[in-house]
Amino acid sequence: MARSERIRKNVLGGGSDANMGFTERRRGSHHLFSRPGVAERINLQREGSHAKPYQVRQVRRILLRYELAGED
């Protein structure tokens, strides 16, 4: 399996915490991520040691919308 395919599966399957080229800015408990060419900003708050489920879904939609996770 190619490296890019492994990364894609990890990200889409929830097995990766890599930031995928986004810059991070912290503001209290909020972690704000942005990237040139991506209109949406990602705002994550921890719930225990994980991001909140609805925020994970938002990130997954952005990765797919901007084709940042490779091909389907």
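Refer to the structure printed above.
Going along each chain's sequence as written, the residues are numbered from 1 onward. Owing to the predicted nature of the model, reporting of local features is limited to residues with pLDDT of at least 70; listing and counting of side-chain atom pairs is limited to 80 or more, with chain, interface and lining totals taken over all residues. Side-chain metrics in this entry use all non-hydrogen atoms of the structure; hydrogen atoms and water are not considered.

### A word on the pairing of strand β3 (residues 42–47)
Now for step 1: Two strands form a pair only when DSSP identifies at least two bridges running between them. Secondary structure elements are taken from DSSP: a helix is a run of H or I of four residues or more, a strand is a run of E of two residues or more, and numbering for both begins at the N terminus. Here strand β2 (residues 30–34) runs beside β3; their pairing, made up of four bridges, is antiparallel. By the bridge assignment, His 30 is partnered in β3 with Gln 45.
Now for step 2: With two bridges joining them, β3 and strand β4 (residues 50–51) adopt antiparallel strand pairing. If you follow Arg 46 over to β4, its bridge partner there is Ala 51.

### Notes on the nonpolar core
Now for step 1: Each nonpolar core is a collection of buried residues, namely Ala, Val, Leu, Ile, Met, Phe, Trp, Tyr and Cys, held together in the definition by side-chain atoms within 4.5 Å. Classification of residues uses two cut-offs on accessible area relative to the type maximum, computed with a 1.4 Å probe and protein chains only: under 20% is buried, over 50% is exposed, and between them is partly exposed. One finds Phe 22, Phe 33, Val 38, Ile 42, Leu 44, Ile 62, Leu 63 and Leu 68 forming the largest nonpolar core, which totals eight residues.
Now for step 2: Mapped onto this core, the elements with two or more residues apiece are β3 and α2 (53–65).

### Comments concerning unusual backbone geometry
Now for step 1: A positive phi angle, near 55 degrees, is found at Glu 67, a position not held by glycine.
Now for step 2: Note on placement: Glu 67 falls in the segment after α2.
Now for step 3: The class for Glu 67 is exposed, based on a relative accessible area of 60%.

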